[in-house]
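Here is how the chains run, residue by residue.
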Amino acid sequence: ALKKMAAPGAFAWAEMEDETSGRWTGGEMPGLASAAEFILAMRGMMVRDDGDFVEIAPAVPPEWQKPGNQVEIKNAPTRFGPISYAVTAREGGFVVNLNLAPPAPGGCRWRIPGKKRVEKLALDGRSIDIPADRLVVIPAWAKRVSVTW
């Protein structure tokens, strides 16, 4: 979808475009339905309501999670209230800082990216067991997750 923008770099898709050039030929610009779908797709990559939980970064591409990168979202709406978080990739693991107010009844969930062996997992500095499926359940009281390779 990002390669078929009618206005490259502007994240805009036209309602009507020339099949050969892909450029806008008529209709709304940007096409409102396409723009809405793009926003929903981006939201689905970054945050997802799932029962009593909020999943953070459920479909963030691996390329975005390389050491030195940070994925951050601020005040994204959920059915429990707004959530803000930052997932920072480091050479030695990950740090997740989050704030969900009010908290989801089940807390949040985050799957540790990649396949590297996790040596230590901590919530607010307290070591916890490393789940075999790498899916970390973050209780409502926790504000920081640390992963060390």
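It should be noted that the structure appears before, not after, this text.
Residues numbered from 1 in each chain as written. Predicted model: local features only at pLDDT ≥ 70, side-chain atom pairs only at ≥ 80, totals over all residues. Heavy atoms only, no water.

Q: An account of the sheet that holds strand β10 (residues 126-127) is needed here, citing residue identities and associated values.
A: Read across the open sheet, the 6 strands follow the order β5-β6-β7-β12-β9-β10; overall the sheet is antiparallel. Two strands bound the open sheet, and with one partner strand each, they are β5 (70-76) and β10. The pairing of strand β9 (residues 120-123) with β10 spans 2 bridges and is classified as antiparallel. When the bridges of β10 are listed, Leu123 appears paired with Arg126. (Pairing = 2+ DSSP bridges. Helix = DSSP H or I, 4+ residues; strand = E, 2+ residues; numbered from the N terminus.)

Q: Which residues make up the nonpolar core, and what values do they have?
A: By size, the foremost hydrophobic cluster in this structure holds 31 residues, and its most contacted members are Ile83, Tyr85, Trp110 and Ile138. The contact partners of Trp110, leaving out residues within four places of it in the chain, are Ile56, Ala57, Val87, Phe94, Val96, Arg134, Leu135, Val136, Ile138, Val145 and Val147. (Core = buried A, V, L, I, M, F, W, Y, C linked by side-chain atoms within 4.5 Å. Buried < 20%, exposed > 50% of the residue type's maximum accessible area, 1.4 Å probe, protein only. Contact = heavy atoms within 4.5 Å.)

Q: With reference to specific residues and values, describe the pairing of β5.
A: Pairing of β5 with strand β6 (residues 83-90), which is carried by 5 bridges, proceeds in the antiparallel orientation. Across the sheet, the residue bridging to Val71 is Val87, located in β6. Counting the residues in the hairpin turn of β5 and β6 gives 6 residues, including Gly81, whose phi is positive at 130°.

Q: Can you break down the pairing of strand β3 (residues 47-50) residue by residue, with the values?
A: The sheet contact formed by β3 and strand β4 (residues 53-56) spans 4 bridges and is antiparallel. Along β4, the bridge assignment pairs Val47 with Ile56. In textbook terms, the turn of a hairpin is the stretch between consecutive antiparallel strands, and for β3 and β4 this stretch comprises 2 residues, one of which, Gly51, has a positive phi near 60°.

Q: Could you give an account of the side chain of Thr78, naming the residues involved and the relevant values?
A: Position of Thr78 relative to the elements: it lies in the loop between β5 and β6. For Thr78, a relative accessible area of 12% translates into the label buried. A distance of 2.4 Å separates the side chain of Thr78 from the backbone oxygen of Gly81, its partner in a polar contact. Those residues in contact with Thr78 that sit more than four places away from it in its chain are Arg43, Val47, Asp49, Val54, Ile83 and Leu100. (Polar contact = N/O pair within 3.5 Å; in protein donor to acceptor, adjacent residues only side chain to side chain.)

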